[in-house]
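# Structure assessment
Here is how the chains run, residue by residue.
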Amino acid sequence: MFGPETVTRFQGIETPFYYYNLGLLSQTLQACKTAADKYGFHVHYAMKANFNPKVLATIQSFGLGADCVSGNEVSAAIAGGFKKQQVVFAGVGKTDKEINIALDADIFSFNVESVQELQVINELAKAKNKMARVAIRINPNVDAHTHHFITTGLDENKFGINSWQLNEVAETLRNCSNIQFIGIHFHIGSQITDLAVYKSLCIRINEMQTWFEDHGFQVKVLNAGGGLGVDYHHPDAHPIPDFEGYFKVFKDFLKVKPGQEVHFELGRALVAQSASLISRVLYVKYGQKKNFLVLDAGMTELIRPMLYQAYMKIQNLTQDFIAPLSQTNDPSLKAQDSKLKYDVVGPICESTDCFQKDVALPESFRGDLIAVRTAGAYGEVMASRYNLRDAVASVYSE
Ligand SMILES: *Cc1c(COP(=O)(O)O)cnc(C)c1O
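Residues numbered from 1 in each chain as written. Predicted model: local features only at pLDDT ≥ 70, side-chain atom pairs only at ≥ 80, totals over all residues. Heavy atoms only, no water.

Of note, the amide linkage connecting Thr15 to Pro16 takes the cis form, showing an omega dihedral of -5 degrees. With respect to the helices and strands, Pro16 occurs in the loop between helix H1 (4-11) and strand S1 (17-20). The phi torsion at Asn129 lies on the positive side, around 55 degrees, for a residue other than glycine. Structurally, Asn129 is set in the loop between helix H6 (115-127) and strand S6 (132-139). Phi at Asn141 takes a positive value of approximately 55 degrees, unusual for a residue other than glycine. Tracing the backbone shows Asn141 in the loop between S6 and strand S7 (161-162). (Helix = DSSP H or I, 4+ residues; strand = E, 2+ residues; numbered from the N terminus.)

Okay, the side chain of Glu113 next. Mapping Glu113 onto the fold places it in the loop between strand S5 (109-112) and H6. Under the relative-accessibility criterion, Glu113 is labelled buried at 3%. Here Gly91 takes part through its backbone nitrogen, which lies 3.1 Å from a polar atom of the side chain of Glu113. (Buried < 20%, exposed > 50% of the residue type's maximum accessible area, 1.4 Å probe, protein only. Polar contact = N/O pair within 3.5 Å; in protein donor to acceptor, adjacent residues only side chain to side chain.)

Domain parsing of the chain yields domain 1 (7-13 + 273-396) and domain 2 (22-272). On the domain 2 side, the residues contacting the 21 residues of domain 1 number 24 residues. Roughly 2,100 Å² is buried in total at the junction of domain 1 and domain 2, and carbon and sulfur atoms are behind 55% of that figure. The largest per-residue losses of area from domain 1 upon contact with domain 2 belong to Gln273, Tyr378 and Tyr396, which jointly make up 33% of the total buried on that side. Viewed at the interface, domain 2 and domain 1 are joined by 1 salt bridge. Of the charged contacts in the structure, one is a salt bridge between Arg373 and Asp236, with a shortest N-O distance of 3.0 Å. Put simply, domain 1 and domain 2 have 14 residue pairs in polar contact (both at pLDDT 80 or more) between them. Counting only elements with at least two residues in the side of domain 1 that touches domain 2, the list comes to helix H11 (304-308) and strand S17 (393-396). Among the elements that take part in the side of domain 1 that touches domain 2, H11 stands out by supplying 3 residues, more than any other. Looking at side-chain class alone, the side of domain 1 that touches domain 2 contains 10 nonpolar, 7 polar and 4 charged residues. (Domains from an automatic or database assignment. Contact = heavy atoms within 4.5 Å. Buried area = accessible area lost by both parts, 1.4 Å probe. Salt bridge = Lys/Arg side-chain N within 4 Å of Asp/Glu carboxyl O. Nonpolar A, V, L, I, M, F, W, Y, C, P; charged D, E, K, R; others polar.)

It is possible for side chains of opposite charge to pair when their charged atoms get near one another. This structure, assessed with the given rule, holds 12 salt bridges. A salt bridge links Lys248 to Asp252; the shortest N-O distance between them is 2.8 Å. Here Lys248 pairs with Asp252, and both are found in helix H9 (residues 243-253), just 4 residues apart, close to one helical turn. Residue classification places Lys248 among the partly exposed residues on the basis of a relative accessible area of 40%. Since its relative accessible area comes to 45%, Asp252 is described here as partly exposed. With a closest N to O distance of 3.2 Å, Asp343 and Lys290 form a salt bridge. With a gap of 53 residues between them, Asp343 in strand S14 (residues 339-345) and Lys290 in the loop between strand S11 (275-286) and strand S12 (291-295) connect regions that are remote in the sequence.

Now for the packing of aromatic side chains. One pass over the structure, following the stated rule, counts 22 aromatic pairs. Centroid distance Tyr198 to Tyr246: 4.9 Å. Interplanar angle 80 degrees. Geometry classified as edge-to-face. With Tyr198 in helix H8 (residues 196-214) and Tyr246 in helix H9, this pair connects stretches of sequence that are 48 residues apart. Note on accessibility: Tyr198 and Tyr246 belong to one class, buried. (Phe/Tyr/Trp six-rings, centres within 6.5 Å; stacked < 30°, edge-to-face > 60°.)

The next thing to look at is the site of the ligand. Around the ligand sit 15 residues, and of these Lys48, Ser190, Glu265, Arg268 and Tyr378 come closest. The separation between a nitrogen atom of the ligand and a polar side-chain atom of Glu265 is 2.7 Å. Bound to the protein, the ligand loses 94% of the 380 Å² it would expose on its own. Taken together, the residues of the shell around the ligand sort by class into 4 nonpolar, 6 polar and 5 charged. (Near = heavy atom within 4 Å. Areas by Shrake-Rupley, 256 points an atom, 1.4 Å probe, with all protein chains shown as cover.)

Here we come to the nonpolar core. Counting residues in hydrophobic clusters, the biggest one holds 106 residues, and the most contacted among them are Phe110, Ile136, Leu173, Ile184, Phe212, Phe247 and Phe250. Split by domain, the residues of this core number at least three in each of domain 1 (7-13 + 273-396) and domain 2 (22-272). Apart from residues no more than four positions distant in its own chain, Phe250 is found in contact with Phe41, Tyr198, Leu201, Cys202, Ala224 and Phe264. (Core = buried A, V, L, I, M, F, W, Y, C linked by side-chain atoms within 4.5 Å.)

A word on the pairing of strand S2 (residues 42-46). A large share of S2 lies buried, amounting to 4 of its 5 residues. Two elements, S2 and strand S10 (residues 261-266), share 4 bridges in a ladder whose sense is parallel. Bridge assignment links Val43 to a residue of S10, and that residue is Phe264. Where S2 meets strand S3 (residues 65-68), 3 bridges bridge the pair, whose relative direction is parallel. (Pairing = 2+ DSSP bridges.)

Structure (structure tokens):
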């Protein structure tokens, strides 16, 4: 992703900033679309992963739908050109105001997460003399084998409706005159790299659609959610996730009836690899037990490592790409060859403001450019202005 030219360009830009590789983003979207089209699958982009305007515009241009988790996301999706018939709205705590925004926008579907929410949507739709299309988000109790902070599909998680509540759901659906049941929805977690997990999900989806059909409901839409993971350890070797392998699991194990639609909601897999957070080393502190690189970016710009104990690859761009240009060919003089260990930390007044401990890097100096890779998902969107810091900037490849 990086080379001497890009890094030279960075030298003239104030840090920190997110650097977006829009070419890689387009390649990723194309790979996803090609793989999904092969089986006639529908893909919605989970907007919460990244709603940077240029990123959204690029995604919209590929004809994807939008998966929203707030009223503002619904409005932004439609304002950004996503078709209302391709907008779905999930979330365990939709407010009346947000439900009304979505009703007014005539979105494709509400993914409903509780019996009470079903009743509230029905009442609000009745007041507007509208029909609300809904999919029931079912908690399949499938273990996503991902970090427990980002697992969502277990009985103990707050999301979705558990299987023992389905009788109540069916009865409520029958009594709601302003609700049209269209299908079932699942989302079991994020950063899922073990595709066998999706086979287990398919088996549960098959059971659940049989349950609804046995109870007199026609299931038009099977929505399998998102969660496909990316390679945080090897961003250059694996810049594009294995969409083909992912969709093939559903092709092989999901029982799709004639006329049924299969929907997905991918966030991270579409955007994560296309951005890095670029910062500079402010200070190098050598200690007896630890060495520290103090960056001009911290948890205010990128909180994933601090919030989820997430690993993100850290690279010294100056030492990797610029320093070698000015050195002799004598390998013994190349800084890269002597790696040191540093705790890479931010400037924020919190002890947890550390990107990673004991990172092996070439000897690093004040002013060196540092990239935190694979930062396109849940990065810029989670930035805050804690410590009254500047809002983080964005720079684009073109
Ligand atoms: C966050 C979310 C997604 C996307 O998850 P990724 O791991 O980014 O693919 C999909 N569906 C729902 C309901 C979500 O909340």
